[in-house]
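The chain contents come next:
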Amino acid sequence: MPKKRAVSAKNAEPSVKLSARGVARLQGRHPWVYRSDVAEANDVPPGSVVRVHDLRGKFLGTALYSSSSQIAIRMISHGSVADLPALVAERIRAAIAYRKELVSNTDAYRIVFSEADFLPGLIVDRCNDVLTLQILTQAMNAAPVREAILRTLCDELQPAGIVERVDPRIRELEQLPPAQSGLLWGQKSSTVFSMNGGKTTGPKTPDDETSAIRFHYDGVEGQKTGAFLDQLENDAAAAQYAHGEALDAFCYQGGFALHLALHPAAKCSSVTGVDSSRPALEMAEKNALLNGRELEWIEANAFDLLREYAGAGRRYDTIVLDPPAFAKTKRDLEKALGGYKELNLRAMKMLRPGGILVTCSCSFHVSTADFLKVLAAAAQDAHKSLRVLENRGAAKDHPILLNAPETSYLKCLILSVSN
Ligand code: SAH
């Protein structure tokens, strides 16, 4: 018997059929379906827009198809899609409008956060007049879609430059040809942005100017998309409680450290930043100078340094821990929890009574419940009591799509530590 073809003769659009489990995921409003739950996908070209059906042929919506990722289906609409570039443009405009409602006093924020903005595979950050985009799927990389992205960003935001950041590992997974990070449009790939003080809308007052904390930004250099904007609201929150001698471990380019030193609410007598990356610390130092301050920056493995300082009886009043994701996959979970426990235990021991611990985890695989459990276990071993001042996540410009838990990854606890 000839194999039934999934491509409908009527409109010649590629289509797929999902298993019952795949259908259940979509009914749960999760935008992803794994390859193992795709029952039929014949002759579907990489990166195409596909009509999605159940096994009986009932239409469920439209998705972007990946021929190589385990996530074969990423839903883009619960209806039909006639023109993907036009839909992408519309969604980008909607994402910009969403930010207008909730982002204030910064000119640096995430404009598009992939699934959480119904644009699977697209990330766009704005740092003042430079936009940085990351394309993570075959469908978003198609030439007409890329053109629509650039045109919409230019029309809506009039940037001085648009930079593409390439994640080579993801391009390989998506079987996209290798590409280099670099300027896609305009002249400018580096700039200075302000946060927590500098308004982007309305007239600037002298107060905005004096309280804003400024950062250098280079869209082509640095880690991830160059700046950890997800911590922006946590930086300001930490400053509300910070006092005395402060240590920012895993400081990168000084996000927390500069807030602890410069934010009007913070009352720190000294601030030291620690990171293992020399380029990150060089930028941190430049950032401090940009704001007219000199701070202490130490290049070290934070695990070793905390062990050494704790052993030598060093004490602090405020400690920030913002390590990289220890659990990149589920398999790393146990080891990751051990790493978080060790770091937090040492920090708790080094804090004076009434000290403030700002402790973060950006591992998606470590849930908030896991993280709280680890902190409680560390407190027990350190003979300390913890009171939760704030239990926070990523800034509002990194929305969480509630039915897609993968969009929620950052945890930031602000704790008061007592003996
Ligand atoms: N707090 C920063 C972001 C930190 S990202 C901000 O808000 O901007 C994690 C940082 O940890 C990176 O800068 C990385 O260079 C650093 N890092 C990774 N492993 C480290 C280690 N063992 N010791 C010290 N720093 C480390």
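As a reminder, the structure under discussion sits directly above these lines.
The structure contained in this document is the topic of the report that follows. (Residues numbered from 1 in each chain as written. Predicted model: local features only at pLDDT ≥ 70, side-chain atom pairs only at ≥ 80, totals over all residues. Heavy atoms only, no water.)

A word on the packing of aromatic side chains
Reasoning step 1: Per the stated rule, a full pass over the model turns up 8 aromatic pairs.
Reasoning step 2: Ring centres 4.8 Å apart and planes at 85° place the aromatic pair Phe228 and Tyr252 in the edge-to-face group. Here the residue Phe228 occupies a position in the loop between strand S13 (213-218) and helix H6 (232-241), and Tyr252 occupies one in the loop between strand S14 (243-249) and helix H7 (255-262), the gap between them amounting to 24 residues.
Reasoning step 3: Take Tyr252: its relative accessible area is 10%, and that puts it in the buried class.
Reasoning step 4: Taking 5.6 Å as the distance between ring centres and 75° as the angle between the ring planes, the aromatic pair formed by Tyr340 and Phe371 counts as edge-to-face. Pair noted here: Tyr340 is in helix H10 (residues 333-350) and Phe371 is in helix H11 (residues 368-382), with a separation of 31 residues, a long-range link.
Reasoning step 5: Tyr340 sits in the buried class, given a relative accessible area of 1%.
Reasoning step 6: What makes Phe371 buried here is its relative accessible area of 1%. (Phe/Tyr/Trp six-rings, centres within 6.5 Å; stacked < 30°, edge-to-face > 60°. Helix = DSSP H or I, 4+ residues; strand = E, 2+ residues; numbered from the N terminus. Buried < 20%, exposed > 50% of the residue type's maximum accessible area, 1.4 Å probe, protein only.)

Section: the state of the cysteines
Reasoning step 1: Tallying each qualifying case throughout the model produces 0 disulfides.
Reasoning step 2: Take Cys127: it sits in no disulfide, and the sulfur closest to it among the cysteines is that of Cys154, at 17 Å. (Disulfide = S-S within 2.5 Å.)

Brief notes about the packing of helix H2 (residues 84-102) against helix H3 (residues 143-157)
Reasoning step 1: In the contact formed by H2 and H3, the axes pass within 9 Å of each other and the chain directions differ by 35°. Considering the relative orientation of H2 and H3, their crossing is right-handed. Two secondary-structure elements touch here, H2 through Leu84, Pro85, Val88, Ala89, Ile92, Arg93 and Ile96 and H3 through Pro144, Val145, Ala148, Ile149, Thr152, Leu153, Glu156 and Leu157.
Reasoning step 2: Of the residues assigned to the contact of H2 with H3, the class counts are 12 nonpolar, 1 polar and 2 charged. (Axes fitted to C-alpha atoms, helices over the stretch in contact; angles between N-to-C directions. Left-handed = near helix turned anticlockwise from the far one by under 90°. Contact = heavy atoms within 4.5 Å. Nonpolar A, V, L, I, M, F, W, Y, C, P; charged D, E, K, R; others polar.)

As for H6
Reasoning step 1: Of all 10 residues in H6, 7 are buried; the element is thus mostly enclosed.
Reasoning step 2: Where H6 is concerned, the buried positions are Leu232, Asn234, Asp235, Ala236, Ala237, Ala238 and Ala239.
Reasoning step 3: Here the buried face of H6 lies against strand S7 (108-113), strand S12 (190-195), H7, strand S18 (351-361), strand S19 (385-392) and strand S20 (411-418).

Observations concerning the nonpolar core
Reasoning step 1: Phe193, Leu260, Val271, Leu295, Trp297 and Val358 are the most contacted members of the largest nonpolar core, which has 37 residues in total.
Reasoning step 2: Listed by contribution, the elements that provide at least two residues to this core are S12, S13, H6, H7, strand S15 (267-275), helix H8 (278-290), S18 and S20.
Reasoning step 3: For this core, the leading source of residues is H7, giving 5 residues.
Reasoning step 4: Excluding residues within four positions of it along the chain, Trp297 makes contact with Cys251, Gly254, Ala257, Gly273, Leu281, Ala284, Glu285 and Ala288.
Reasoning step 5: With 34 residues, the next largest nonpolar core counts Ala302, Phe371, Val374 and Val417 among its residues. (Core = buried A, V, L, I, M, F, W, Y, C linked by side-chain atoms within 4.5 Å.)

Brief notes about the pairing of strand S4 (residues 49-53)
Reasoning step 1: For S4, the tally of buried residues reaches 4 of 5 residues, placing the bulk of the element in the interior.
Reasoning step 2: In terms of strand pairing, strand S1 (residues 15-18) meets S4 through 3 bridges, oriented parallel. The partner of Val16 across the bridge, within S4, is Val52.
Reasoning step 3: The sheet contact formed by S4 and strand S5 (residues 59-65) spans 5 bridges and is antiparallel. Residue pairing in the sheet places Val52 in a bridge with Gly61 of S5.
Reasoning step 4: Turn length for the S4-S5 hairpin, with the two strands adjacent in sequence and antiparallel, is 5 residues, and the turn residue Gly57 shows positive phi of about 95°. (Pairing = 2+ DSSP bridges.)

Remarks on the sheet that holds S15
Reasoning step 1: Strand order in the open sheet formed by 7 strands is S16-S15-S14-S17-S18-S20-S19, with mixed pairing between adjacent strands. Edge positions in the open sheet fall to strand S16 (296-299) and S19, since each of these has one partner strand only. Averaged over all neighbouring strand pairs, the angle between strand axes comes to 20°, with direction disregarded.
Reasoning step 2: For S18 and S20, the ladder comprises 7 bridges, and the chain directions are antiparallel. When the sheet's bridge partners are listed, Ile356 is paired in S20 with Ser416.
Reasoning step 3: Contacts from H8 reach S15 and S16 within the one sheet, and its direction differs from that of S16 by about 175°.
Reasoning step 4: Contacts from H11 reach S18, S19 and S20, with the element oriented near 20° to S20.

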